[in-house]
Structures are given as structure tokens and as C-alpha cells.
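# What the coordinates show
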Amino acid sequence: MSMEITNVCEYEVIAKQKLPKMIYDYYASGAEDQWTLEENRNAFSRILFRPRILIDVSNIDMTTTVLGFNISMPIMIAPTAMQKMAHPEGEYATARAASAANTIMTLSSWATSSVEEVASTGPGVRFFQLYVYKDRDVVRQLVKRAERAGFKAIVLTVDTPRLGRREADIKNRFTLPPFLTLKNFEDLDLGKMERTNDSGLASYVASQVDRSLSWKDVKWLQTVTSLPIIVKGVMTAEDTRLAIQAGVAGIVVSNHGARQLDYVPATINCLEEVVKAAQDQVPVFLDGGIRRGTDVFKALALGASGVFIGRPVVFALAADGEAGVRKVLQMLRDELELTMALSGCTSLKEITRHHIMTETDMPRTLSRL
């Protein structure tokens, strides 16, 4: 099956054919008008290359370091919820694929496999994404469990005081299929999601997730864990400065895959502002809309230290399990290597802002596109 797959987007077509409508729609949809969902992709198409030629590109090094961990490429796996809806092996398959590619997997709080189960798949650098529940004891326990299971960082999602309005989920009365639970919360009796006349997930978030979350809670989290804390969901210079003041170890420029507030810019269009404000004090990462190695290169050229991919992972998982996720990581890796070669870059540090042009650089060229 994987023979004829030549790019990451093809897995989405297969996933749509294979998955029940409620599940495909949950993974695929964005908030409200889905303007940002489209823009997350389209914004990349308005950034063009300025390739440098006649550079010896016979050896290309894509390795990098994230929070001191050496990985094979600047492409990592974003937290995506409930992966066993996509495939019976769910997060186990994703964890093994990430390990095989020697890159980092981020496990969602709302995984259908627990931190202990994912750790049992074998070695690998893994981060744990955290939603802060109203019951802080639940949070404390969860973070301790992630630490004990060998997770290396906490990725704190900060753009979800309430769940965005995803109309497909409302229409489908989305809920977790009855044979699955949110494994990390099972023993705390918070693993089940009720079916409601709305989105079951939205109702669950309203009842469990803390809307009062603020910067003081980031400080509190640092008293609970010694793990580095990365904040995910930053889009402005102002919040970048506050994050650095709060002592975070890294920032993910993210609009939650366009699933929260609609009509925010594409993440690639927020990246430069955040990178400038960070002033090299912490690494800045990007997620949202990455489907090609060219997209990864553009993010790196605008100052990202790496990218996280979400939907491509769940769609490949649905289509072909662990082999699908491995193939997605391999295809993006191969495309990034080719983009570097054709741009005249032999290592990540050679990728600069001069290798691309954005609308601000070339208004006349780009307005015609």
C-alpha cells in the first residue's frame, strides 16, 4: 500500500476513506469558518526561495539539538489526542515510529494510552503535553507520573481555557468511542467522556479544564516539576516576553492546528515576531500546516529551531499504522534534505532569512501569485 504514496498529503485522502465520519471530522476540522485552517497551509505558498548555487552539497547534516537532546532532524511529533481512534495501536505505534526516526514524540494529555504504556514501547526522547485541570492534585499526579515514566519535558498548552467551536464535532455529537478511554485519567475517574447534545469533548473541557489558568500557574508548575517547561500556543511578541520572564525553556508558536480561535494568522506568519522577541533566550518551535520539507525549511529560515507535525501523523496512522508514521517522517526528512541541497545549505545553521523571500520582501512578485 505504501508503495504508491509519494507525499504526506496523500495519507489524508486514505484516512478519510477508512475512518468513520465522526473520527475523521474530529481530526481534520478547524474552528468555526476554518479560515485559519486554510491559511495555515496557504501562508507557506506565499514564501518563496532564493536558492544559492554552486555550493558543494554532497554531505548534508540535518541533525540538531532540542533542550540538549540530539535528534536526527528538526521535525518532531506534536501532541494529538486519542490516537487509538485512528488505529488500534494508537500512541504505541507513533512512539515506535518516532524512536525509529530518532526524533521526539509529544504525548497528549488526552492520549488513549498512558504515559507508562508509551514508556513501555522502549527507549526514545518523549515530551508530555499538559492540560491544567481544575483539580491541581490531578495535575501534580500526572506530571509526577510523566517524570517517573522518563518523559523529558512538559509541553504546557496555553491556548485552551475553553475549547474552540468546532462545528463538525457539534453536528456529529463527537464523543470518544465506548471501547476507549483517556488513559492518563482512567484511575482518577476522569477518563470517560459523556455523549452530549453538543461536542462531548467541549463539554468535558468545560467541566474539567481550568479557565483561570494564568502566568502564576506556570510558576506553580515549576515548583511541582524539575522538568523544563515549553509553552505551546504563543503567537505574539508580548506573550513571548512574558513567557521568558516566567522562566520557560522553550516556546511553540501554535494556533492549535486552527482549532481554537479562528481568524488568527497562520503560525508561519507569527513566527518572525516571536523569534525577534525571544532574542535567542529560548528556542522557538512551530506547528501548524507543515506538509512538505519545503515548509520545514521556510520555518527554519524564519528562525524556528524545529517544527512539530500533528495531523500528518494521525492520518498516516489511520492509513497504515506505524509504517505510515515512519513513512511520513521519512518523506519529510527526504524533502527537507533535497530542499537544503537545492538551496545551497549543508547544515541547519546555514539556513538563513536570506534563503527565502516573503511578501514584505517582494510585494510586486508575490501580489501576482
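Our subject is the structure that appears above.
These remarks concern the structure in this document.

About the thresholds
- Residues numbered from 1 in each chain as written.
- Predicted model: local features only at pLDDT ≥ 70, side-chain atom pairs only at ≥ 80, totals over all residues.
- Heavy atoms only, no water.
- Helix = DSSP H or I, 4+ residues; strand = E, 2+ residues; numbered from the N terminus.
- Polar contact = N/O pair within 3.5 Å; in protein donor to acceptor, adjacent residues only side chain to side chain.
- Contact = heavy atoms within 4.5 Å.
- Phe/Tyr/Trp six-rings, centres within 6.5 Å; stacked < 30°, edge-to-face > 60°.
- Buried < 20%, exposed > 50% of the residue type's maximum accessible area, 1.4 Å probe, protein only.
- Salt bridge = Lys/Arg side-chain N within 4 Å of Asp/Glu carboxyl O.
- Core = buried A, V, L, I, M, F, W, Y, C linked by side-chain atoms within 4.5 Å.

Note that Asn-255 resides in the loop between strand E9 (250-253) and helix H11 (267-278). Within the structure, Asn-255 has its side chain in polar contact with the side chain of Asn-40 (distance 2.9 Å). Non-local contacts of Asn-255, meaning those with residues more than four positions away in its chain, are made with Thr-36, Asn-40, Asp-159, Met-235, Gln-260, Val-264, Pro-265, Ala-266, Thr-267 and Asp-287.

Let's shift gears to the packing of aromatic side chains. Scanning the entire structure with this criterion turns up 11 aromatic pairs. Aromatic side chains Tyr-26 and Tyr-27 sit 5.6 Å apart centroid to centroid with 55° between the ring planes, which places their arrangement in the tilted category. As far as the burial class goes, Tyr-26 and Tyr-27 line up, both buried. A centroid spacing of 5.6 Å and a plane angle of 20° characterise the contact between Trp-35 and Tyr-263, whose relative ring orientation is stacked.

Right, let's get into the environment of Gln-208. As for its position among the elements, Gln-208 is in helix H8 (residues 200-208). The spacing of Gln-208 and Ala-301 is 93 residues in sequence and 39 Å in space, taken between C-alpha atoms.

A separate point is the pattern of salt bridges. Counted under the stated rule, the structure contains 20 salt bridges. In this structure, Arg-353 engages Glu-272 in a salt bridge whose closest nitrogen and oxygen atoms are separated by 2.7 Å. Of the two residues, Arg-353 sits in the loop between helix H13 (311-343) and strand E12 (356-357) while Glu-272 sits in helix H11, which places them 81 residues apart along the sequence. Between Arg-326 and Glu-322 there is a salt bridge, with its nearest N and O atoms 3.0 Å apart. Of this pair, Arg-326 and Glu-322 are both found in helix H13, 4 residues apart, which corresponds to roughly one turn of the helix. Among the residues examined, Glu-322 registers a relative accessible area of 17% and is labelled buried. The network of salt bridges with shared partners includes Glu-89, Arg-96, Glu-322 and Arg-326.

Below, the discussion takes up the nonpolar core. Ranked by internal contacts, the top residues of the largest apolar core, which has 113 residues, are Met-82, Trp-110, Leu-130, Tyr-133 and Ile-268. Of the residues forming this core, the biggest block, 14 residues, is contributed by H13. Those residues in contact with Met-82 that sit more than four places away from it in its chain are Tyr-26, Tyr-27, Glu-91, Trp-110, Ala-111, Thr-112, Phe-174, Leu-176, Leu-182, Met-193 and Leu-201.

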